[in-house]
Amino acid sequence: MMCAIACARRLREAKNQSEVVLLDGAKKPGAKILVAGGGRCNVTHYTVDEHQYAGSTPGAIRSVLRRFDADQTVDFFSGLGVELKREGTGKLFPVTDSAATVLDALLRELDRLHVRRVFPWRVARVEQHESGFRIFQSGDPDGFMQAQHLVLATGGMALPRTGSDGVGYKFARTLGHSVTDRVFPSLVPMVLGEGSRWITELSGIAVRARLQVQSATGKHLHSFTNDMLCTHFGLSGPGALDVSRYFFDARTDDPGTQLIINWLGETEPTEVDTTLQSLGKKSVLGGLREVLPERLVRALCAQCAIDPSSPGHALIRSDRQQLVTLLTSTVVDVDRDRGFTHAEVTAGGVPMKELTTKDMRSKKCQNLWLVGEILDVDGRIGGFNFQWAWATGYVAGSAIAKAILAD
Ligand SMILES: Cc1cc2nc3c(=O)[nH]c(=O)nc-3n(C[C@H](O)[C@H](O)[C@H](O)COP(=O)(O)OP(=O)(O)OC[C@H]3O[C@@H](n4cnc5c(N)ncnc54)[C@H](O)[C@@H]3O)c2cc1C
């Protein structure tokens, strides 16, 4: 949608008659906008840089992001009548707190610019010919459209019921592109194994925790400190979703990769030890429930076979040390990720090195452009994935119009 808008605006300004057509296989376009941010749509983040992304090289990602930054996203939506507000986390949402405001504004703008929206029109395959592209409709072998330029904006594989089921990778390959060896769910909840069943029994508990990925040899790989939610199957919430990308990626190469929780966020073990030692007559439960939910404290004590009502001074050293270790370094038994159906984004895709980053143009196929999640770029929780979609869409759309006008 962003790409079509950027292209159509430029063509209109130049009074060019070329038609911009938006094909979508879904019955309702923009499904992900509506579900995003719990129905509020986290449109972008107040500060966006390449370090919030994984996949292709930071240089390639930066090159695109600086051509359409978060301020431009804010201005773009403001121009469509959608004001954004910044929340404490730095995330930007529409002031209406409704994702429909964002989608409606995009659809209105597409209509104003006379972009032909064709849906549901599922693409089965694409072919390149001397005169351009033929785009064939699914279920109708004779039904095809012709286009001078083609943009693949099919998304990745996350939440496939919205229409993005990975078929775009097939189109990219047909047209000469490669796709990374690994394409896997990112920002995905984690299903825990039998060894961490006690954590799943804490379903509903949310804490600000530090989640760390460590190699089998004990090397620190990645960590995130953010809200984490215990659920009936395992771990969710922003911290767990962010870390999932790095944990599952690392574990594919190194099966001994560990996920470690510090239930007290950034608090160091020595500090926790000192606190426990200074409890005196106060019970362990009484002391710890000031910083953690009571159910969690009881579960942690149970794991260490400590009576939570026992006074701090009665804790023997080995028990205290065991509790400190569990509080700050619980090693989690992660069974698997929850799959694309529950993932927010796809890791892997078409490598950025196969595109010219100044305009998102394919280096492999003439007049082909790729934008959004189909590319090997995935961002953290916080509006970064939409920013990637807006930025790549805007850059490509503007460049296509320029190319058409130059013909
Ligand atoms: C539950 C959930 C919540 C999210 N929340 C946020 C958030 O708050 N903030 C944020 O930044 N990101 C969020 N994301 C991620 C964000 O939605 C995506 O990264 C972004 O939508 C990607 O944009 P895209 O245009 O590349 O792909 P998509 O939004 O996936 O759109 C691809 C479109 O292509 C169509 N399509 C695919 N194949 C075909 C075909 N063969 N023929 C015709 N049409 C086809 C699909 O129907 C779809 O409409 C969330 C994702 C999910 C799943």
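Residues numbered from 1 in each chain as written. Predicted model: local features only at pLDDT ≥ 70, side-chain atom pairs only at ≥ 80, totals over all residues. Heavy atoms only, no water.

J.: Please provide a residue-by-residue account of the packing of aromatic side chains, values included.
T.: Counted by the stated rule, this structure contains 10 aromatic pairs. Measuring from centroid to centroid gives 6.1 Å for Trp198 and Trp263, while their planes differ by 45 degrees, and the two rings are tilted. With Trp198 in helix H7 (residues 197-200) and Trp263 in the loop between strand E16 (258-262) and helix H9 (269-277), this residue pair connects regions lying 65 residues apart in the sequence. You can call Trp263 buried: its relative accessible area is 1%. Of the aromatic side chains, those joined through ring pairs into one cluster are Phe76, Phe77, Phe386 and Trp390. Arg245 extends its terminal NZ or CZ atom over the ring of Tyr246, reaching a point 5.8 Å from the ring centre. One cation-aromatic arrangement involves Arg338 over Phe233; the distance from NZ or CZ to the ring centre is 3.8 Å. (Phe/Tyr/Trp six-rings, centres within 6.5 Å; stacked < 30°, edge-to-face > 60°. Helix = DSSP H or I, 4+ residues; strand = E, 2+ residues; numbered from the N terminus. Buried < 20%, exposed > 50% of the residue type's maximum accessible area, 1.4 Å probe, protein only. Lys NZ or Arg CZ within 6 Å of the ring centre and 35° of its normal.)

J.: Could you give an account of the site of the ligand, naming the residues involved and the relevant values?
T.: As a structural note, the neighbourhood of the ligand is formed by 29 residues, with Asp24, Gly25, Val123, Glu373 and Phe386 the closest of them. Lys32 is positioned with one of its side-chain polar atoms (N or O) 3.1 Å from an oxygen atom of the ligand. Between Thr162 and the ligand, the recorded distance is 3.5 Å, taken from a backbone N or O atom to an oxygen atom. Isolated, the ligand exposes 1,000 Å² of accessible area, and the fraction of that covered by the protein chains is 88%. Going through the elements one at a time, helix H2 (31-39), helix H6 (167-174) and helix H13 (384-406) are the ones with two or more residues in the shell around the ligand. (Near = heavy atom within 4 Å. Polar contact = N/O pair within 3.5 Å; in protein donor to acceptor, adjacent residues only side chain to side chain. Areas by Shrake-Rupley, 256 points an atom, 1.4 Å probe, with all protein chains shown as cover.)

J.: If you had to explain the pattern of salt bridges to someone new, which residues and values would you point to?
T.: Evaluation of the coordinates by the stated rule reveals 24 salt bridges. Put simply, Lys85 and Glu87 hold a salt bridge, and the shortest N to O gap is 3.9 Å. Between Arg112 and Glu109 there is a salt bridge, and its shortest N-O distance comes to 2.8 Å. One end of the pair is Arg112 and the other is Glu109, both in helix H5 (residues 99-112) and three residues apart, which spans about a single turn. Taking the relative accessible area as the measure of exposure, Glu109 reaches 6% and is therefore buried. Bridged by salt links that share partners, the residues Arg182, Arg245, Asp249, Asp253 and Asp378 form one connected network. (Salt bridge = Lys/Arg side-chain N within 4 Å of Asp/Glu carboxyl O.)

J.: Hey, could you go over the domain arrangement of the protein chain for me, with residue numbers and the actual values?
T.: Parsing the protein chain into structural domains produces domain 1 (2-184 + 346-406) and domain 2 (190-337). Relative placement of domain 1 and domain 2: their C-alpha centres are 39 Å apart. Tallying the contact residues gives nine residues for domain 1 and nine residues for domain 2. With both sides pooled, the region where domain 1 packs onto domain 2 buries about 790 Å², and carbon together with sulfur makes up 50% of that total. Across the contact surface, domain 1 and domain 2 share four salt bridges. (Domains from an automatic or database assignment. Contact = heavy atoms within 4.5 Å. Buried area = accessible area lost by both parts, 1.4 Å probe.)

J.: Before we move on, can you summarise the pairing of strand E14 (residues 220-230) with the specific residues and values?
T.: The pairing of strand E13 (residues 206-214) with E14 spans nine bridges and is antiparallel. Bridge assignment links Gln214 to a residue of E14, and that residue is His220. Hairpin connection between E13 and E14: a loop of five residues separates the two successive antiparallel strands, and Gly218 in this loop has a positive phi of roughly 95 degrees. As judged from the two bridges shared by E14 and strand E15 (residues 234-236), these two strands associate in the antiparallel manner. Note on E15: the bridge partner recorded for Leu229 is Ser236. Adjacent in sequence and paired antiparallel, E14 and E15 are bridged by three residues. (Pairing = 2+ DSSP bridges.)

J.: Tell me about the environment of Thr346, and please be specific about residues and values.
T.: Within the fold, Thr346 resides in strand E19 (residues 345-347). By relative accessible area, which is 0% here, Thr346 ends up buried. If we skip the residues at most four places from it in the chain, Thr346 touches Gly156, Met157, Ala158, Tyr169, Val183, Phe184, Ser186, Phe340, Glu373, Val377 and Asp378. For Thr346, the side chain forms a polar contact with the main-chain nitrogen of Met157, separated by 2.8 Å.

J.: Before we move on, can you summarise the side chain of Ser244 with the specific residues and values?
T.: Position of Ser244 among the secondary structure elements: in helix H8 (residues 237-253). Reaching out from Ser244, the side chain makes a polar contact with the backbone oxygen of Leu241 at a distance of 2.6 Å. In contact with Ser244, other than residues within four places in its own chain, are Ser186, Leu187, Val188 and Met190.

J.: Explain the sheet that holds strand E5 (residues 91-94) to me, using residue names and the numbers behind them.
T.: Taken together, three strands build an open sheet; the order of strands is E2-E5-E4 and the sheet is antiparallel. Two strands close off the open sheet at either side, each with one partner strand: strand E2 (44-45) and strand E4 (84-86). Pairing of E2 with E5, which is carried by two bridges, proceeds in the antiparallel orientation. Pairing of Thr44 across the sheet is with Leu92, part of E5.

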